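Architecture and fold: a report
One-letter residues, chain by chain:
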Amino acid sequence: MAPRGHPGPRDPRRRPRRRAAARPGRVRRTARPARGHRDRRAARPVRGDGRRPRPAYAPAAPHHAPRPLRRTLLAALDRLSLPLLVEDLERHRAAWVHMAEVLHPHEHHRRFPTAALAFAALRGTPLGTGTPFARAMLDHAAGHPGVLAFDGVRLRPVTFARRIESALRAGDLPAALALLRTRPGELARRLAHLARLADGPDAAAALAAAVTEAAPRVSPAVLVAALGRLRTAPGGARLFFPRGGAAKAMSVLDERPPIPAATVAAVSGAIEAEMLRRAAALPPLRLALLDEGLTDLLAPAAERSASAALVRIPRGSVQPIPGGERIRLFLHWADSPDERVDLDLSVAVFDERWRFVGLCDYTNLTLGPRAAVHSGDLTSAPEPLGSSEFVDLDVRAVRRLGGRYVLPTVLSYNDVPFERLARGFAGFMETPPGQFGEDGGDGEAFDARAVRQRFDLAGPAKVLLPLVADLWSRTMRWTDVNLGVSGEIHDIDRHARSLARLASAMEDVYGLGDHVTLWELARWHAAARAEEVLIRHRDGTTTLHRRTPGEPPAAFAARLTPLPSPAPAPTGDTPLPDFAALVTADVPLAPGAQVYALYPALLDPTTTTLLDAADLLTPLTPATQLTPA
């Protein structure tokens, strides 16, 4: 066998490498540009999904605007606070530089000094000339020493972020808190960094007081994310989801120092007290039913979802894989009206140390002794029927090969983003009646009754990693991320290493991190609103907790733990729950009850109010208007 990257005997199962077809009306360039020629398109940065982003503005020649319109726009800008105006101009620098050529703000610097000063700082106008305009701008800037700085030639903006970073770099916690008190959302997002600067009881108390003051004006999703980052000890990996068209994730090693336990306890208590206060303002409940299985489901955060799914599992949550020894993965798609789309369903297998074991895709239809079997490669999906591909996994056979982690992946071979599909979805089902190619048949390809998860293919991405299956624990972690790629020919062999790094980071971050779970969200609701709380444990037993007269929500919440209690629930008549948070909705409920269920089963939406995971968080939004951050 020839080494990878060198020609060898042709495998009849491997299809030839194809060059993507040119779009209609486009001529393929073959000549190299002359030396010294500037390719402006090539100079633009490449996004994670391989496409070049459009500029934030169209660099056209400035056009004339009537003087009344210019004066109206400058008057509106002049009414803004100088710090906010300077930051906004810097945030959209290219567009505002272009707009300044239309507005001519310096012509009206006496009438609109704030707007003229902000544009002078934006454009780097020389002010060391001693002209009347320069003196007027410097005099106006002298009244805002913390916003603009004069270097002898030009004014330089001192943005809010720059002042915060300077305070954090210097380790000046009081200065950072003084700035962040004006922006509560930014304080919550930087909470883990601030907590590492609180190196004593007084500093921890000051930080907890600042959080208590700011928390009523912060959205619940930001508070939940901040609480999870605060409680997670360093030492593993850190995962980032940058903004952009594709939910591309990046990971780095977490080498930050640990946060003192006393600081974690003080600040966490402030956040939990705020969430309980908000929950107590909601309508009261008679009996709440909580499922211990919610500890495996993470609370929804402010992250994007790469795809809509049949079972809406928050990213990072863990659920058991189907109980049978065989699992069938499926993929279905249809070409867009104007181009052919070649999707591939592939599987990569890794051992317990994330070393590559093997793959099953269009180049290798059978992995090992039928541990994974591919239905065959289809390179197009014309309407109206489209095309479908399947992969059968034999759990025991994969484990015998030394595999532990299985990464099912959907790839766009010819680099067409999922958003251009006429339709597309994938998923898995349990216990198919037969494997492909077994005894001359292909089994029953699709049984809707056996489907356990189905997710749509959408967005500008071309590689989707929906989940990571752990065959040792027979669980799957819902990842729901797109891999940022470039180039044209995408297959599992090319991207296996990147997928392994991403999957191992997700296992590290979500497996070792102390993130807020749906159990905690439901517990806040129950402790603040219910008179009685019934907890259903994994073994089927239940424990009933009653609120004592005058017991505050925080004390009641501390008693609501998923651990079995020595005092089980009474067997007599008990009222039906009017609030329930369950994994599977298989118990009777009171008419009109509010129910969150990962698997709603046969719940009647006409007699109950079905809640999504986000519906447990949204009611905790503060009644006061949120301060923008």
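Above: the structure in question.
What you see is a predicted model; the values in this text were computed from it and never measured.

Here the amide bond leading from Glu383 into Pro384 is cis, since omega sits at 5°, within 30 degrees of zero. Along the polypeptide, Pro384 turns up in the loop between strand 11 (372–374) and strand 12 (387–394). Its identity is not glycine, yet Asp415 carries a phi of approximately 65°, on the positive side. Take Asp415: it is sitting in the loop between strand 13 (405–412) and strand 14 (423–430).

Our next topic: the environment of Asp361. Relative to the elements of secondary structure, Asp361 occurs in the loop between strand 9 (356–360) and strand 10 (366–367). In contact with Asp361, not counting residues within four places along its chain, are Leu345, Ser346, His374 and Ile492.

Quick look at a nonpolar patch on the surface now. On the surface, Phe240, Met250 and Val252 cluster together into a nonpolar patch covering about 250 Å² of accessible area. Relative to the helices and strands, Met250 is located in strand 4 (residues 250–253).

On to helix 13 (residues 261–280). Residues that lie three or four places apart on an α-helix share one face, since the helix turns once every 3.6 residues. Between its first and last C-alpha atoms helix 13 spans 28 Å; for 20 residues at 1.5 Å apiece the expected length is 28 Å, and the two agree. Within helix 13, burial applies to Thr263, Val264, Val267, Ser268, Ala270, Ile271, Glu274, Met275, Leu276, Arg278 and Ala279.

What follows is about the packing of aromatic side chains. What the rule picks out here adds up to seven aromatic pairs. Here Trp354 and Tyr405 contribute two aromatic rings whose centre-to-centre distance is 4.2 Å and whose plane-to-plane angle is 5°, an arrangement assigned as stacked. With a gap of 51 residues between them, Trp354 in the loop between strand 8 (343–350) and strand 9 and Tyr405 in strand 13 connect regions that are remote in the sequence. No difference in accessibility class separates Trp354 from Tyr405, as the two residues are buried. Summarising the aromatic geometry, the rings of Phe455 and Trp478 are spaced 5.7 Å apart at their centres and angled 65° between planes, so their arrangement reads as edge-to-face. Of this pair, Phe455 sits in strand 15 (residues 451–456) while Trp478 is found in strand 17 (residues 475–482), placing the two residues 23 residues apart along the sequence. An aromatic cluster is present here, built from Phe350, Trp354, Phe356 and Tyr405 joined pairwise through their rings. Sitting over the face of the ring of Phe160, Arg183 holds its NZ or CZ atom 4.0 Å from the ring centroid.

Counted under the stated rule, the structure contains 35 salt bridges. Here Glu507 makes a salt bridge to Arg477, at a shortest N to O gap of 3.0 Å. Here the residue Glu507 occupies a position in helix 15 (residues 492–512), and Arg477 occupies one in strand 17, the gap between them amounting to 30 residues. An identical accessibility class is assigned to Glu507 and Arg477; each is buried. Each of Glu87, Asp88, Arg91 and Arg183 takes part in salt bridges that share partners, so that together they form one network.

What follows concerns the packing of helix 13 against helix 16 (residues 518–529). Across the interface, helix 13 lies against helix 16 with an axial gap of 8 Å and an inter-helix angle of 60°. Of the possible angle classes, the one that applies to helix 13 and helix 16 is oblique. When the axes of helix 13 and helix 16 are compared, the crossing they make is right-handed. Note on element contacts: helix 16 touches helix 13 through Trp524, His525, Ala527, Ala528 and Arg529, opposite Glu272, Met275, Leu276, Ala279 and Ala280.

A word on helix 12 (residues 220–231). Given a rise of 1.5 Å per residue, twelve residues ought to cover 16 Å, and the 17 Å separating the end C-alpha atoms of helix 12 matches this to within 8%. Of all twelve residues in helix 12, ten are buried, a share of seventy percent or more. Packed against the buried residues of helix 12 are helix 9 (184–189), helix 10 (191–197), helix 13, helix 16 and helix 18 (613–617).

Let us look at the pairing of strand 20 (residues 579–584). Most of strand 20 is tucked away, with five of its six residues classed as buried. As paired elements, strand 5 (residues 285–291) and strand 20 share three bridges and run parallel to each other. When the bridges of strand 20 are listed, Ala288 appears paired with Phe579. Both strand 20 and strand 21 (residues 594–599) contribute to a ladder of five bridges, which runs parallel. Paired with Ala581 across the strands is Tyr596, a residue of strand 21.

Moving on, we get to the environment of Leu179. The residue Leu179 is located in helix 8 (residues 173–180) in this model. Once residues within four sequence positions are removed from consideration, Leu179 is found in contact with Phe160, Arg163 and Ile164.

Next up on the list: the nonpolar core. The biggest cluster of nonpolar side chains holds 104 residues, and the ones touching the most others in it are Leu194, Leu207, Leu294, Leu521 and Tyr596. Looking at this core element by element, the count peaks at eight residues for helix 16. Once you skip the residues sitting within four places of it in the chain, Leu194 turns out to touch Leu168, Leu173, Ala176, Leu177, Leu180, Leu187 and Leu207. With 26 residues, the next largest nonpolar core counts Leu82, Trp96, Ala115 and Leu117 among its residues.

So, how was this worked out
- Going along each chain's sequence as written, the residues are numbered from 1 onward.
- Given that this is a predicted model, residues contribute local features only at a pLDDT of at least 70 and side-chain atom pairs are listed and counted only at 80 or more, while totals for whole chains, interfaces and linings are drawn from all residues.
- Neither water nor hydrogens contribute to the side-chain values; these are computed over all heavy atoms in the structure.
- Helix numbering and strand numbering both begin at the N terminus, where a helix is a DSSP run of H or I of at least 4 residues and a strand a DSSP run of E of at least 2.
- Residue contacts are defined here by distance: any two heavy atoms, one from each residue, within 4.5 Å place the two residues in contact.
- Nonpolar side chains (Val, Leu, Ile, Met, Phe, Trp, Tyr) within 5 Å and like charges within 9 Å form the patches, drawn only from residues with over 30% relative accessible area and no salt bridge.
- Accessibility throughout is a Shrake-Rupley quantity obtained with a 1.4 Å probe, and a residue counts as covered only by protein chains that appear here.
- Basic side-chain nitrogens of Lys or Arg form a salt bridge, by our definition, when they fall within 4 Å of a carboxyl oxygen of Asp or Glu.
- One fewer than the residue count of a helix, multiplied by 1.5 Å, yields its expected span.
- Throughout, exposure labels follow a simple rule: accessible area from a 1.4 Å probe, protein chains only, divided by the maximum for the residue type, with under 20% read as buried, over 50% as exposed, and the rest as partly exposed.
- A pair of aromatic rings is counted whenever rings of Phe, Tyr or Trp (Trp by its six-membered ring) have centres within 6.5 Å, and the orientation is called stacked for planes under 30 degrees apart, edge-to-face for over 60 and tilted otherwise.
- A ring has a charge above it when a Lys NZ or an Arg CZ is no more than 6 Å from the ring centre and no more than 35 degrees off the ring normal.
- Interaxial angles span 0 to 180 degrees and are taken between N-to-C directions of axes, which are lines fitted to C-alpha atoms, for helices over the stretch in contact.
- With respect to orientation, any angle under 35 degrees is reported as roughly parallel, any angle over 145 as roughly antiparallel, any angle of 65 to 115 as roughly perpendicular, and every other angle as oblique.
- Each crossing is labelled by how the near helix is turned from the far one, with a counterclockwise turn of less than a right angle marking it left-handed and a clockwise turn marking it right-handed.
- A pair of strands counts as paired when DSSP detects no fewer than two bridges linking them.
- Throughout this description, the term nonpolar core refers to a set of buried Ala, Val, Leu, Ile, Met, Phe, Trp, Tyr and Cys residues connected via side-chain atoms within 4.5 Å.

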